[in-house]
Amino acid sequence: MVLPCLDEAGALPWVLARIPAGWRALVVDNGSTDGSAEIARGLGATVVHEARRGFGAACHAGLTAATADIVCFCDCDASLDPSGLVPFVREVRDGEADLVLGRRRPQGRGAWPPHARAGNLALARMLRRRTGLRLHDLGPLRAARRDALLGLGLTDRRSGYPLQMVVRAADAGWRVAEHDVPYLPRSGASKVTGTWRGTWQAVRDMRRVLAEPPAPGLAGRRPSTCSTRPSSPPGGTSQ
């Protein structure tokens, strides 16, 4: 389980308490100054340090550090429950999908600001035009096979990373599934969607990703459902 983290000391206990039994939590500290790394380590998580700022930089550092066949991603701000990834992992493990995404369904007022929701909707429409995928959300809750993700050659290290993953997966012919997940009011202010400026900077990053031509050599590179790695813990996530 890859958990990108920047100053999430208040949310970490809640998030880490909901990691499914047998799964390994990889908290990728992206320059926190509030003691997040120490808290995560004290709660039993493996801490990876990524000096380069950016959501994509943190996610990719966690992907690189992971060792299991199937890897999950989840925000570390208590807006998403990592235990909801169990059926996602099962779907990937059983060969029913190659990439499984969570469609955020806000729970209560303030869980998803209007400007952030509008930006997400615009990006989903652009993604549909670019790839044909009829997705509704580009949220961070997701699961896929580690080696296959590395094979996508992801290069974005900012807000465009989650979108680039989906675009390149589509270009490679992956089966992409989407399922509803509860979206809770996050702990603290968002580093990306907490303001109109942050939201539209993220949209700009993602529009740049959508304008990229298909990466050479991706067509037909569907993930293999077989793995030569040792057996993973229940759920097959990062260990």
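So, a few notes on the structure that sits alongside this text. (Residues numbered from 1 in each chain as written. Predicted model: local features only at pLDDT ≥ 70, side-chain atom pairs only at ≥ 80, totals over all residues. Heavy atoms only, no water.)

Quick word on the environment of Ala57
Rules: Secondary structure elements are taken from DSSP: a helix is a run of H or I of four residues or more, a strand is a run of E of two residues or more, and numbering for both begins at the N terminus. Only protein chains enter the accessibility calculation, which uses a 1.4 Å probe. A residue is then buried if its area is under 20% of the maximum for its type, exposed if over 50%, and partly exposed in between. Contacts were defined at the residue level, with two residues in contact if any of their heavy atoms lie within 4.5 Å.
Position of Ala57 among the secondary structure elements: in helix α3 (residues 55-65). Assessed through its relative accessible area of 4%, Ala57 is described here as buried. When the C-alpha positions of Ala57 and Arg158 are compared, they lie 6.5 Å apart, and in sequence the two are 101 residues distant. Residues contacting Ala57, with those up to four places away along its chain left out, are Glu50, Arg52 and Arg157.

A look at the pattern of salt bridges
Any two side chains of opposite charge can pair if their charged atoms end up close together. We apply this condition: The salt bridge definition used is simple: a Lys or Arg side-chain nitrogen within 4 Å of an Asp or Glu carboxyl oxygen.
Scanning the model with the defined rule gives twelve salt bridges in all. Across the pair Asp171 and Arg130 runs a salt bridge, and its minimum N-O distance is 2.8 Å. Separated by 41 residues along the polypeptide, Asp171 in helix α7 (residues 161-171) and Arg130 in helix α5 (residues 114-131) bring together distant segments of the chain. Owing to a relative accessible area of 23%, Arg130 belongs among the partly exposed residues under this scheme. The shortest N-O distance in the salt bridge between Arg208 and Asp205 comes to 3.4 Å. Here the residue Arg208 and the residue Asp205 both occupy positions in helix α8 (residues 196-210), the gap between them amounting to three residues, near one helical turn. Residue class for Arg208 comes out partly exposed when judged on its relative accessible area of 41%.

Comments concerning the pairing of strand β5 (residues 99-106)
The condition is simple: Paired strands are those between which DSSP finds at least two bridges.
Direction of pairing for β5 relative to strand β6 (residues 142-145): antiparallel, over a ladder of three bridges. For Val100, the partnering residue across the bridge sits in β6 and is Ala143. Examined bridge by bridge, β5 and strand β7 (residues 176-183) share eight bridges and lie parallel to one another. Each residue of the ladder has a partner; that of Pro106, found in β7, is Tyr183.

Side note on the nonpolar core
We apply this condition: The nonpolar core is taken to be a set of buried Ala, Val, Leu, Ile, Met, Phe, Trp, Tyr and Cys residues, with the residues joined through side-chain atoms within 4.5 Å.
Formed by 40 residues in total, the largest nonpolar core has its most connected members in Leu99, Leu152 and Trp174. Tallying contributions element by element places α7 first for this core, with seven residues. Among the nonpolar cores identified, the runner-up in size contains 34 residues, and Ile19, Ala78, Leu80 and Ala143 belong to it.

Considering the pairing of strand β2 (residues 26-29)
For the record, the criterion: A crossover gets the label right-handed when its path from the first strand over the helix to the second runs clockwise, viewed with the strands pointing away from the viewer.
Across the two faces of β2 the burial is the same, with Leu26 and Val28 and Val27 and Asp29 all buried. Across four bridges, the pairing between strand β1 (residues 2-5) and β2 is parallel. Pairing of Pro4 across the sheet is with Val28, part of β2. Handedness of the crossover joining β1 and β2 through helix α1 (residues 12-17): right-handed. Note that β2 and strand β3 (residues 46-49) share four bridges and pair parallel. What sits directly across from Val28, in β3, is Val48.

As for α7
Among the eleven residues of α7, eleven are classified as buried, and the element is accordingly described as predominantly covered. Taken residue by residue, α7 has Tyr161, Pro162, Leu163, Gln164, Met165, Val166, Val167, Arg168, Ala169, Ala170 and Asp171 as its buried positions. One or two positions beyond α7, positive phi appears at Gly173, with a value near 85°.

What about the side chain of Ser36?
Quick reminder of the rule: Nitrogen and oxygen atoms within 3.5 Å of one another constitute a polar contact, given that in protein one can donate a hydrogen and the other can accept it, and given that sequence-neighbouring residues count only through two side-chain atoms.
Mapped onto the secondary structure, Ser36 falls in helix α2 (residues 36-42). In this structure the side chain of Ser36 is engaged in a polar contact, spanning 3.2 Å, whose partner is the backbone nitrogen of Ala9. Filtering out sequence-adjacent residues up to four positions away, Ser36 remains in contact with Cys5, Asp7, Glu8, Ala9, Leu12 and Asp29.

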